[in-house]
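Below, each chain spelled out in residue letters.
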Amino acid sequence: MLVSWNTTNACNLQCAHCYRDAGAQSAQELSTVEGKALIDEVAAAGFKIMIFSGGEPLMRDDIYELIGYATSCGLRPVLGSNGTLITSEVARMLKDAGACAIGISLDSMDRAAHDSFRARNGAWEAAVQGMRHCREAGLPFQIHTTVMDWNYDEVEKLTDFAVEIGAMAHHIFFLVPTGRAVNIADSSLKAVQYEKLLRRIMKKQEQVPIEVKPTCAPQFMRIARQLGVATRFTRGCIAGIAYCLINPLGGVQACAYLDEVVGNVRETPFSQIWREAELFQNLRTRRYKGNCGTCQYNDICGGCRARAYFYSGDYMGEEPWCLYRKGSVVESEVG
């Protein structure tokens, strides 16, 4: 099981798709003491991996202390970062603190396109330089790409770049419109592109020596099985089942993109929220509606609960962009 903690709302970029609408630090973010208490609770609840994200987690002055504390509690600390603040010294300090890996965002091989999307000139070069610093420090890293209609055709090129620069994996995030991303909802992939790209990614997995994983696209599990592609994963959507998120103010959500807070760690112990939250209990029943409820791949896919929530207002509703119906994909649509 893994948990993500948005350690801060502060960020040095203004990315167009940010689910947290990050930028300025929030006044009531969890303190160092509260963060350590949260880490204790996360470990007690049986989680194994803790993702420190943001905003930009490297903008927290105590991030190394928190990573070290997570390590001492038996957790495997990893980070999600835009990469632009990773100097050689930062990479060494992260490694020394106990960080096991870091995910660095890169959305295009076109530097100008990436910089525009991240709203900062030089963001592409700084992120790539951050990757080089991690490699030199011996800190494993992977590339995170958010895919939309404008970078749909270059996903495999980014995978090849990940191999070239020494990344351990390439994780491709499918846009879910929440936070600032509601302003670019029209650029998210729809059914046909969604299905085609998942097939491309699974085929690419067989061609490269690193892990290539779609995220927020649980249908990849169905497609992997259909194509006979081996994967270490056992389920697509794990929100509320084996994963949840804590926001900067202590609010607990099933995932970053399902914007419903089910409790706050300042008021209720995290382990209790994890066990008892009604939304989590509903997700664990896997009693989905519509096609997701009758799908033969319900056990390994689950559909994107956040996308169902955004488009229908029902987190147990069917996945809106899945083409799989009654035992087959509508092949005439996919081509």
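Here, every reference points to the structure presented above.
For the structure given in this document, a descriptive report is provided here. (Residues numbered from 1 in each chain as written. Predicted model: local features only at pLDDT ≥ 70, side-chain atom pairs only at ≥ 80, totals over all residues. Heavy atoms only, no water.)

## Focus on the overall build of the chain
Assigned secondary structure in the chain consists of 13 helices and twelve strands. Against the globule reference of 20 Å for 335 residues, the chain gives a C-alpha radius of gyration of 19 Å, in line with a compact fold. When the backbone C-alpha atoms are referred to their principal axes, the chain occupies close to 55 × 45 × 35 Å. Partitioning the contacts of the chain with sequence separation of at least 6, the portion at a separation of at least 24 is 69%. Here the chain displays about 13600 Å² of accessible surface, and carbon together with sulfur accounts for 49% of that area. Placing the 35 positive and 37 negative side-chain charges of the chain at their respective mean positions leaves the two points 5 Å apart. (Helix = DSSP H or I, 4+ residues; strand = E, 2+ residues; numbered from the N terminus. Rg over C-alpha atoms; globule rule 2.2 N^0.38 Å. Contact = heavy atoms within 4.5 Å. Areas by Shrake-Rupley, 256 points an atom, 1.4 Å probe, with all protein chains shown as cover. Lys, Arg positive; Asp, Glu negative; His and termini not counted. Charge placed at Lys NZ, Arg CZ, Asp CG, Glu CD.)

## Here's the deal with the side chain of Asn 298
Checked against the element boundaries, Asn 298 lands in the loop between α11 (290-294) and α12 (305-312). Judged by relative accessible area, which is 15%, Asn 298 ranks as buried. At 3.2 Å, the side chain of Asn 298 forms a polar contact with the backbone oxygen of Cys 292. Beyond its immediate sequence surroundings of up to four residues, Asn 298 is in contact with Arg 235, Arg 286, Tyr 288, Cys 292 and Gly 293. (Buried < 20%, exposed > 50% of the residue type's maximum accessible area, 1.4 Å probe, protein only. Polar contact = N/O pair within 3.5 Å; in protein donor to acceptor, adjacent residues only side chain to side chain.)

## A closer look at the pattern of salt bridges
Evaluated as defined, the whole model comprises 14 salt bridges. For Arg 266, the salt bridge identified is with Glu 34, shortest N-O distance 2.9 Å. With Arg 266 in the loop between β10 (263-264) and α9 (270-276) and Glu 34 in helix α1 (residues 32-44), this residue pair connects regions lying 232 residues apart in the sequence. The exposure class of Arg 266 is partly exposed, given its relative accessible area of 37%. Of the charged contacts, one joins Lys 289 and Asp 314 as a salt bridge, the two residues approaching to 2.6 Å between their closest N and O atoms. (Salt bridge = Lys/Arg side-chain N within 4 Å of Asp/Glu carboxyl O.)

## Overview of the packing of aromatic side chains
Here the structure, examined in full by the defined rule, presents twelve aromatic pairs. With 6.1 Å between their ring centres and 40° between their planes, Trp 124 and Phe 161 make a pair best called tilted. Residue Trp 124 is located in helix α5 (residues 123-137), and its partner Phe 161 is located in helix α6 (residues 155-165); the two are separated by 37 residues in the primary sequence. Given a relative accessible area of 5%, Trp 124 falls into the buried group. Residue Phe 161 is classed as buried on the basis of its relative accessible area, which comes to 10%. The interplanar angle of 75° and the centroid separation of 5.3 Å between the aromatic rings of Tyr 297 and Tyr 324 together place this pair among those described as edge-to-face. Here Tyr 324 lies in strand β11 (residues 324-325) and Tyr 297 lies in the loop between α11 and α12, a separation of 27 residues in the sequence. Classification of Tyr 297 as buried rests on a relative accessible area of 10%. Here Tyr 324 falls in the buried class, since its relative accessible area comes to 6%. Feature note: the residues Phe 47, Phe 270, Trp 274 and Phe 280 constitute an aromatic cluster, connected by ring pairs. Over the ring of Trp 274 we find Arg 284, and its NZ or CZ is 4.4 Å from the ring centre. (Phe/Tyr/Trp six-rings, centres within 6.5 Å; stacked < 30°, edge-to-face > 60°. Lys NZ or Arg CZ within 6 Å of the ring centre and 35° of its normal.)

## Quick look at the sheet that holds strand β3 (residues 76-81)
The strand order β7-β6-β5-β4-β3-β2-β1-β8-β9-β10 describes an open sheet built from ten strands, whose pairing is mixed. The sheet is open, and its two edges are formed by β7 (211-215) and β10, each paired on a single side. (Pairing = 2+ DSSP bridges.)

## Notes on the pairing of strand β1 (residues 2-6)
Of all five residues in β1, four are buried, a share of seventy percent or more. Where β1 lies against strand β2 (residues 49-53), five bridges are found, and the strand directions are parallel. Within the sheet, the bridge partner assigned to Ser 4 lies in β2 and is Ile 51. Once the chain exits β1 it traverses α1 before rejoining the sheet at β2, and the crossover so formed is right-handed. Strand direction decides the pairing type here: β1 and strand β8 (residues 243-246), joined by four bridges, are parallel. Among the inter-strand pairings, Val 3 is bridged to a residue of β8, identified as Cys 244. (Right-handed = clockwise from strand over helix to strand, strands pointing away.)

## Let's talk about the packing of helix α7 (residues 191-205) against helix α8 (residues 220-227)
Packing of α7 against α8 brings their axes to within 10 Å, and their N-to-C directions diverge by 55°. Regarding the angle of α7 to α8, the classification is oblique. Where α7 crosses over α8, the handedness of that crossing is right-handed. Contacts between α7 and α8 pair Glu 195, Leu 198, Arg 199, Met 202 and Lys 203 from the former with Phe 220, Arg 222, Ile 223, Ala 224 and Leu 227 from the latter. Partitioning the contact of α7 with α8 into residue classes produces six nonpolar, no polar and four charged. (Axes fitted to C-alpha atoms, helices over the stretch in contact; angles between N-to-C directions. Parallel < 35°, antiparallel > 145°, perpendicular 65-115°, else oblique. Left-handed = near helix turned anticlockwise from the far one by under 90°. Nonpolar A, V, L, I, M, F, W, Y, C, P; charged D, E, K, R; others polar.)

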